[in-house]
Amino acid sequence: MPRKCSICIDERRSEIEGAVLAGDSYRTVAQRFGISRDAVVRHRKHLTPATPNSLKVEQIFPSSTLVEQLQAFTADAQRLKEKAESEGDLRTALAAVKELCRIVELVARLRGEIDGRAQINVLNFQLDAETARRMNEMFLKRHLAREVSP
Ligand SMILES: [Zn+2]
């Protein structure tokens, strides 16, 4: 009979799983909880696969501390995005949008709406003022052309 997995019976199991699901490395998780990296890797097979709506964030984080942290990060990113936009700092605004995307992606993964095995490609590009101006111009040109044409 196989030996019982130490994390399955660990009282911090949900916290450990939360850290793994949040994308922390096995080594980081192992160090934080004072357990072996191998145990974390082994336990990965015991994670209940999340299916849409089968798992509520509250079930993963009974303390809801991490949920509160996510909400705080979301509020921060939102606030910085608005500040940057109002100051015309598009680069910072875009960085904030990217962070918001990452948060949404993480929450979606926690909810099981994104297959953990699926490759997620995040468009990574820099937008300088000149490019932004040209994109804006192009958009307006197309938009106006559509409105003018019969
Ligand atoms: Zn286990």
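Residues numbered from 1 in each chain as written. Predicted model: local features only at pLDDT ≥ 70, side-chain atom pairs only at ≥ 80, totals over all residues.

Asks: Teacher, can you tell me more about the overall build of the chain here?
Replies: Broken down by element type, the chain carries seven helices and zero strands. Shown N-terminal to C-terminal, the secondary structure of the chain runs as helices and strands in the order α-α-α-α-α-α-α. In the chain, once contacts between residues fewer than 6 apart in sequence are set aside, the share between residues at least 24 apart is 52%. (Helix = DSSP H or I, 4+ residues; strand = E, 2+ residues; numbered from the N terminus. Contact = placed C-beta atoms within 7 Å.)

Asks: I tried to follow helix 6 (residues 90–111) on my own but got confused; where do I start?
Replies: Because an α-helix completes one turn every 3.6 residues, residues spaced three or four positions apart along the sequence face the same direction. In this model, helix 6 (22 residues) spans 31 Å end to end at C-alpha, consistent with the 32 Å of a helix rising 1.5 Å per residue. Among the residues of helix 6, Ala93, Ala96 and Leu110 are the ones counted as buried. All buried residues of helix 6 fall inside an arc of 100 degrees around its axis, so they share one side. (Expected span 1.5 Å × (residues − 1). Buried ≥ 20, exposed ≤ 12 C-beta atoms within 10 Å, placed from the backbone. Arc of directions from axis to C-beta.)

Asks: In this structure, what is going on with the nonpolar core? I would like to understand it.
Replies: One broad rule of soluble globular proteins: the nonpolar side chains tend to lie buried together. Listed in full, the five residues of the largest apolar core are Ile7, Ile16, Ala19, Val29 and Val40. With residues near it in sequence (within four places) discarded, Ile16 still touches Ile7, Asp10, Val29 and Phe33. (Core = buried A, V, L, I, M, F, W, Y, C linked by C-beta atoms within 7 Å.)

Asks: So what exactly am I meant to see when it comes to the confidence of the model for the chain here?
Replies: Any region with low pLDDT has predicted coordinates that should not be read closely. For the chain, the average pLDDT comes to 76, and 69% of its residues sit at 70 or higher. Helix 2 (residues 26–33) holds the highest mean pLDDT among the elements of the chain, 94, whereas helix 4 (residues 57–60) holds the lowest, 53. (pLDDT = per-residue confidence, 0-100.)

Asks: Quick question: what am I supposed to make of the packing of helix 1 (residues 13–21) against helix 2 here?
Replies: Angle between the axes and distance between the axes are the two parameters that describe a pair of packed helices. Where helix 1 contacts helix 2, the axes come no closer than 9 Å and their chain directions differ by 155 degrees. Of the possible angle classes, the one that applies to helix 1 and helix 2 is roughly antiparallel. Between helix 1 and helix 2 the crossing geometry is right-handed. Packed against helix 1, whose contacting residues are Ile16, Ala19 and Val20, the element helix 2 presents Val29, Arg32 and Phe33 at the interface. Considered class by class, the residues forming the contact of helix 1 with helix 2 number five nonpolar, no polar and one charged. (Axes fitted to C-alpha atoms, helices over the stretch in contact; angles between N-to-C directions. Parallel < 35°, antiparallel > 145°, perpendicular 65-115°, else oblique. Left-handed = near helix turned anticlockwise from the far one by under 90°. Nonpolar A, V, L, I, M, F, W, Y, C, P; charged D, E, K, R; others polar.)

Asks: Would you mind going over the environment of Ala30 with me for this structure?
Replies: The topology assignment puts Ala30 in helix 2. Separated by 14 residues in sequence, Ala30 and Ile16 have C-alpha atoms that sit 8.6 Å apart. Discounting residues that sit within four places of it in the chain, Ala30 has contacts with Ile35, Ser36, Arg37 and Val40.

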